[in-house]
Amino acid sequence: MKVKEIKRILVTGSVGQIGSELTLALRERFGAENVVATGRKTPPSDALKNSGPFYFIDVAKRETLEEVVRKHNIDTIVHMAAILSAVGEQNPMRCWDVNINGTLVVLECAREHDMARVIIPSSIAAFGPETPRDRTPNDTILKPRTMYGVTKVAGELLGDYYFRKYGLDVRGLRYPGIISHETLPGGGTTDFAVAIYFEAVRNKRYTCFVREDTRLPMMYMPDCIKATIDLTVADISKLKHHSDFNVGAMSFSAGELAASIKKQIPEFVCTYEPDFRQAIADTWPMSLDDSAAREEWGWKPAFDLEAMTKDMLDVLGRRYREGKVVVLGA
Ligand code: SER
């Protein structure tokens, strides 16, 4: 397979939790004008709005994507637009439409334009209750119970299908819960691990929607950005997997997360009131075996729980003291 050079990238879902930071990181690396941000909502930050091109598109509608691809001569799509697990359970048909039809639109567009690369993230939601939950292997049982998970497994299979059938260079990684302080996540099961920091700084209290002993794999945003870009530029001759890399960083229970915050904010109190998201979390891995990513493209995370908590509380604490409102649910 001839490797094509990445020159002009389009990011779908660029206003989302990961997309908003990933777009800026890609602009640093590939040049601001070469990274076109797209989304359905107004960009949350001036940084995203002012640092390069932005277009409103609906990824499930081919013509809206096509127009931008042609205008900017796009050769790479980083497909971040997706409906997450909790919102997906409230509206499964919409989850299917955005995640499946959107992904097919992206793949077909990339194939017809003979693109250099497509990045389609997957998730720990691709696994299910029959999967081994401790150090979940890369290649294992994929029988998810959420619509989000169903669409993510389909996305992985489609990515590999397009690679084998058409020689389209599609790559993907299974994100664990992603924790960050810039843009809030939009309706996932792992959102408690972000909300807890915001509430700790603002109220010194948090009511967690999963049990104290709920253990899930998680990752801090700088590692998430690094993993995504490292896989994007990895040497294809070294890759045995394509659309389905496990990427681990840390694994902790909700109680351990609360304890790490309490070490720095002793008054912090966390209580637990599990809701429908508990049942989702109970079907997901507790930790991941990511040796395929480590061996095939050199994956290595930098942040553990302690380092992440320190950084999160430093950033959010500073913002709070400067009077910049820390609002949840925005
Ligand atoms: N963070 C996502 C969710 O909770 C998992 O990929 O839905």
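In what follows, the structure referred to is the one given above.
Residues numbered from 1 in each chain as written. Predicted model: local features only at pLDDT ≥ 70, side-chain atom pairs only at ≥ 80, totals over all residues. Heavy atoms only, no water.

Some thoughts on the overall build of the chain
- Looking only at helices and strands, the chain has 12 helices and 14 strands in total.
- The C-alpha atoms of the chain give a radius of gyration of 19 Å, which matches the 20 Å a tight globule of 330 residues would have.
- Its C-alpha atoms give the chain principal-axis dimensions of roughly 55 × 45 × 35 Å.
- Here the chain holds 330 residues, and the buried ones make up 58% of them. (Helix = DSSP H or I, 4+ residues; strand = E, 2+ residues; numbered from the N terminus. Rg over C-alpha atoms; globule rule 2.2 N^0.38 Å. Buried < 20%, exposed > 50% of the residue type's maximum accessible area, 1.4 Å probe, protein only.)

Details of the state of the cysteines
- Per the counting criterion, the structure on display carries 0 disulfides.
- Cysteine Cys95 shares no disulfide, and the gap to the nearest cysteine sulfur, in Cys224, comes to 19 Å.
- For Cys95, a relative accessible area of 0% puts it in the buried group. (Disulfide = S-S within 2.5 Å.)

Quick notes on the site of the ligand
- For the ligand, the full set of nearby residues is Leu84, Ser85, Ser123, Tyr148, Gly188, Thr189, Thr190 and Trp284.
- One of the side-chain nitrogen or oxygen atoms of Tyr148 is found 3.1 Å away from an oxygen atom of the ligand.
- A distance of 2.6 Å separates an oxygen atom of the ligand from a polar backbone atom of Thr189.
- Within the complex, the protein chains bury 93% of what would otherwise be the 230 Å² of accessible surface of the ligand.
- Residues of the shell around the ligand, tallied by class, amount to 3 nonpolar, 5 polar and no charged. (Near = heavy atom within 4 Å. Polar contact = N/O pair within 3.5 Å; in protein donor to acceptor, adjacent residues only side chain to side chain. Areas by Shrake-Rupley, 256 points an atom, 1.4 Å probe, with all protein chains shown as cover. Nonpolar A, V, L, I, M, F, W, Y, C, P; charged D, E, K, R; others polar.)

Topic: unusual backbone geometry
- Its identity as a non-glycine residue notwithstanding, Asn73 has a phi of 55°, on the positive side.
- With phi around 55°, Asp114 is a residue other than glycine that occupies positive phi space.
- Turning to its location among the elements, Asp114 is positioned in the loop between α5 (92-112) and β5 (117-119).
- The class of Asp114 is exposed, set by a relative accessible area of 52%.

Section: helix α1 (residues 17-30)
- With 14 residues, α1 should cover 20 Å at 1.5 Å per step; its first-to-last C-alpha distance of 21 Å lies within 8% of that length.
- Most of α1 sits inside the fold, with 11 of its 14 residues counted as buried.
- All of the buried residues along α1 are Gln17, Ile18, Gly19, Ser20, Glu21, Leu22, Thr23, Ala25, Leu26, Arg27 and Phe30.
- Looking one or two residues beyond α1, the residue adopting positive phi is Gly31, at roughly 95°. (Expected span 1.5 Å × (residues − 1).)

Some remarks on the pairing of strand β11 (residues 215-220)
- When you tally the buried positions in β11, you get 5 out of 6 residues, the bulk of the element.
- Bridge count between β11 and strand β13 (residues 250-253): 4 bridges; the pairing is antiparallel. Residue pairing in the sheet places Pro217 in a bridge with Ser251 of β13. (Pairing = 2+ DSSP bridges.)

Comments concerning empty space enclosed by the protein
- Following the criterion strictly, the structure yields 1 cavity of 30 Å³ or more and no others.
- Considering only enclosed or pocket space, the largest cavity measures out at about 50 Å³ in volume.
- Considering the residues around the largest cavity, the lining is formed by His79, Ala81, Ala82, Asn99, Thr103, Ile120, Thr151, Lys152 and Gly155.
- If you list the elements that add at least two residues to the lining of the largest cavity, you get α5 and α6 (147-166).
- Considering each element in turn, the lining of the largest cavity owes the most residues, 3 residues, to α6.
- Residues belonging to the lining of the largest cavity are distributed by class as follows: 3 nonpolar, 5 polar and 1 charged. (1 Å grid on protein atoms, 1.4 Å probe; cavity = no way out; pocket = protein on both sides within 12 Å on 5 of 7 lines; lining within 4 Å. Points joined across faces, edges and corners; volume = space filled by probe spheres on them.)

Description of the packing of helix α9 (residues 254-264) against helix α12 (residues 305-321)
- Their axes nearest at 10 Å, the elements α9 and α12 cross at an angle of 55°. If you check the angle between α9 and α12, you find them oblique. Judged by the twist between their axes, the crossing of α9 over α12 is right-handed. Along its contact with α9, which presents Glu256, Leu257, Ser260, Ile261 and Gln264, the element α12 presents Leu305, Thr309, Lys310 and Leu313. (Axes fitted to C-alpha atoms, helices over the stretch in contact; angles between N-to-C directions. Parallel < 35°, antiparallel > 145°, perpendicular 65-115°, else oblique. Left-handed = near helix turned anticlockwise from the far one by under 90°. Contact = heavy atoms within 4.5 Å.)

Bear in mind that shape data such as this cannot, by itself, settle questions of function.
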